[in-house]
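Observations on chain architecture
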Amino acid sequence: MISYQNFKLSNGLNVYVIENPDTPVAVVNILYNVGSKDEQEDKTGFAHLFEHLMFGGSINIPNYDEPLQKVGGENNAFTSTDITNYYLTIPANNLETAFWLESDRMLSLSFDPRVLEVQRKVVIEEFKQRYLNQPYGDVWLKLRPLAYQKHPYKWAPIGKDISHIENATLEDVRSFFFKFYRPNNATMVVAGNVKTDEVKKLSEKWFDPIPAGEAYKRDLVKEPKQLAPRHLNLTADVPLNAIYKVYHMPEKLSSGYYQADLVGDMLGRGNSSRFYRQLIKERKLFNKLNTYITGSVDPGLLVISGMLNNNVSLETADAALQEVIDEFKSEAIEQSELLKVKNQAESTLQFSEMELLNQALNLAFAANLGDAELVNKESQKIQSVTVEEVKSMASKVLVPENCSTIHYHSQN
Amino acid sequence: MATLDRTKAPDFKLFKKFDIKEVNSLILGNNVTLHYVNAGDQPVARLELIFRAGSWYENKAGQAYFTGKMLKEGTDKSDSQAISLFFDQYGAFLEINPGLDQLSVIVYGLTKHFPVLVPFIRTLIFDSAFPERELDILKNITIQDLKVQNKKNNVLASKLFRTTLFGKNHPYGIHLEETLINDIQSGDLRDFHQSNIVGNFQIILSGKVSEAEIKLVAETFGDLSATNAIQNGRDYRLPIKTASQTVKKSDSLQSSVRLGKVLFPKKDPDYPKFLIVLEILGGYFGSRLMRNIREEKGYTYGIHASMVNLIKEGYLIIGTDVKKSFTKATIEEIHKEIDILQNTPVPADELETVKNYMLGTFQSSITTPFSLAEKFKTVHFYGLNYQFYQDYLASIKNINQQDIIELSQKYLQIDSLAQVVVGGS
């Protein structure tokens, strides 16, 4: 249970405070309501490139990191398909330094062309390190456009192609900033050894003078219902054959989201799951099998990925996955199996909330979805799922015509 | 109202003191020690058992790894499936970490489930059955996974680097290979279990724990016969010559580069001060290597310098994945940055930043109950105690420019560094 206070500045910046007097530190989390799904299809990877540029100096402060480090703070950021999130931890008595730094980069960046040149290279190396120079590293670059034909989830946050990053101009950067990095398109959470009054005073001092931007109206194209199975074969110099199956599932704000999440858990979470028992232990077809959801705001994917044992064909493995899925759909499900995955989900939530940073991020994320209180409803939503709902979700989602499959062949 | 001057940084304060909540230690009837720390708001806890059962103590390569991993694959009463179902149904997580020095077995769970989890952990560890069928499956999974891991340049580089430093005859220089794995038999595991696991452990309990959980753990593990005998306390020689290795991969886009050397275990009096030297060189985002090679040149996504602390030895590792054509230039720049550290005083402003940054991150590293348990482990098992942290903080406050020059000259001679490149140039 997270208790918080909330206020809004005149420019639309939405601020939340979690008071926790037991820690000596404070956390500041600023979520900008922009992810890779807000990019143009010919300029992908931009939200993420932009995240790098946010550390390249702002209008009045030449360097972001150094002054923060000088007062004992540390920071990082990440970009997803839905959001771009910046967070820092700082000794609580130096909180004002965080406000100074964060408000200046929300006011305006320096737009220094050298920063763009260097970060472009850094991001290209990141692209290679994570996606191209790893076995199976490119699989999500192929899976997304297979599963999504219209919705911008069809490209990954790193971008569709390196050339988009190579071609980004300073003008692109400037217009992106003033479109998305406005106070009325952001949510700030301040947590830790802080008082709401103090946060309010500091917010008014540092953030209130920043002008609001034009309201960003998100109008994304909906992904049409998939009507037939999709299949892609890839071959590369990888040691083992691998298989990836993704199924469209409900959006974050629907009750079906948690149902689908639990369906995935029952199939593949942990060593007592159906996949692990039957396909790794009994039939010895796979040596690794994971089931998880992409967790996105708009309708996301339920993912099954597995590494095959030597001498097992992709066809055999795929058919075996299907058998377990069919059995799951057709047989009665015991209450105890559902209870098990609920308990797993519940304790994962508890462990995650041990970290102040996670509390702040989860609250910012919920607020950005439109209802901060969602942060305290997650547990209840998981607990309320019934066996019948799980069954009906499984028969809706886990059908071949809703599935995109990649067979990743080892060329060895 | 006065205009806001955004060019001027607000005033700041530094912390005067740090309160590290320490563990309490209880010696049980059988001489096993239980360390515990009660902290945190969430109703969760973590029970960790630490055995002197790392690969250091093996007679046969792979014994330690497989003995550890097989603990969850069957006991006299429960088979592998029953064991995983047991943890999963309580939403508990079992983690088995076989290391070079120690084997650690951890269970995370809601505190309310500890009355069933704790006795179960006892049977897992002490009534292990090592079933052949499960061992065969695990060996196969391990071999397949090894193939995938060895395809990653960064993994290969780190492994090769450790072998280069310690040699193939030193337990720190050996890695699991397919032939070694195939050679492991359940008898090897039973032997190792008998010699290094039964009766040879310490316990760390952390999280939201009350008298009841402490008593439960003490009673559960306090009546096992414990010997605490040290097995296989050997001495090994390190290779004398500094080596350099390159593995060419024509299809790689990047090279994984590793530079470093064996230095000293944590007990060494220079260790805390040397950490500050490394921080300046490559320990944080504002470090010299990061600024030069990432933020000025854009050769890489990241570059880091750090110490790897093992119980008997500690080694320095400078590591990065760089664009292949910049491999040579990157190594030259690393040498150049070391040279500057050895010959030019660190500017006062930079030193102040590093010091404050290290103090601040130390403070935020002691905020959860599990991190408090970690803080204890990372001194206790290295022959140190909490005084280490006072020394560390004092070193940060007191180190000066001359100390940094001297330490860099003493420990970072460029021709003493081993080098591994996987990729090419």
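This structure is a prediction, so every number in the text was calculated from the model and none was measured. (Residues numbered from 1 in each chain as written. Chains lettered and ligands numbered in written order. Predicted model: local features only at pLDDT ≥ 70, side-chain atom pairs only at ≥ 80, totals over all residues. Heavy atoms only, no water.)

**A look at the domain arrangement of chain B**
Residue and element names in this part refer to chain B. Domain annotation for chain B reports domain 1 (24-221) and domain 2 (245-423). A C-alpha centroid distance of 30 Å is found between domain 1 and domain 2. Facing the 31 residues of domain 1 at the interface are 32 residues of domain 2. Contact between domain 1 and domain 2 buries roughly 2700 Å² in total, counting both sides, with carbon and sulfur atoms accounting for 71%. (Domains from an automatic or database assignment. Contact = heavy atoms within 4.5 Å. Buried area = accessible area lost by both parts, 1.4 Å probe.)

**Quick notes on the sheet that holds strand β4 (residues 74-79) of chain A**
Residue and element names in this part refer to chain A. Strand order in the open sheet formed by six strands is β1-β2-β6-β3-β5-β4, with mixed pairing between adjacent strands. Two strands close off the open sheet at either side, each with one partner strand: β1 (5-8) and β4. Adjacent strand axes in the sheet meet at a mean angle of 15°, parallel and antiparallel pairs treated alike. Where strand β3 (residues 25-32) meets strand β6 (residues 186-192), seven bridges bridge the pair, whose relative direction is antiparallel. Paired with isoleucine 30 across the bridge in β6 is methionine 188. (Pairing = 2+ DSSP bridges. Helix = DSSP H or I, 4+ residues; strand = E, 2+ residues; numbered from the N terminus. Axes fitted to C-alpha atoms, helices over the stretch in contact; angles between N-to-C directions.)

**A short note on the interface of chain A and chain B**
Contacts between the two partners involve 73 residues from chain A, matched on the other side by 73 residues from chain B. Taken together, the two surfaces of chain A and chain B that pack against each other cover about 6200 Å², and 56% of this comes from carbon and sulfur. Our enumeration of links across chain A and chain B arrives at six salt bridges. In this structure, the connection of chain A to chain B is made through 32 residue pairs in polar contact (both at pLDDT 80 or more). Ranked by the residues each element gives to the side of chain A that touches chain B, the list is headed by helix α4 (residues 113-132) of chain A, at 10 residues. (Salt bridge = Lys/Arg side-chain N within 4 Å of Asp/Glu carboxyl O. Polar contact = N/O pair within 3.5 Å; in protein donor to acceptor, adjacent residues only side chain to side chain.)

**A look at the domain arrangement of chain A**
Residues and elements named next belong to chain A. Splitting chain A by domain gives domain 1 (5-206) and domain 2 (230-410). Here domain 1 and domain 2 have C-alpha centroids that lie 29 Å from each other. Facing 34 residues of domain 1, the contacting portion of domain 2 comprises 35 residues. Regarding the contact of domain 1 and domain 2, the summed buried area is about 2900 Å², with carbon and sulfur atoms giving 73% of it. Three residues stand out in domain 1 for area buried against domain 2, namely Tyr136, Trp140 and Leu146, and they jointly supply 24% of the buried area on that side. The tally of links from domain 1 across to domain 2 stands at one salt bridge. A salt bridge links aspartate 298 to lysine 37, with the shortest nitrogen-to-oxygen separation between them at 3.4 Å. Those elements that provide at least two residues to the side of domain 1 that touches domain 2 are β2 (14-19), β3, β5 (84-91), α5 (139-147) and β6. The dominant element in the side of domain 1 that touches domain 2, judged by the number of residues it contributes, is α5, at six residues. Grouping the constituent residues of the side of domain 1 that touches domain 2 by class yields 19 nonpolar, 11 polar and four charged. (Nonpolar A, V, L, I, M, F, W, Y, C, P; charged D, E, K, R; others polar.)

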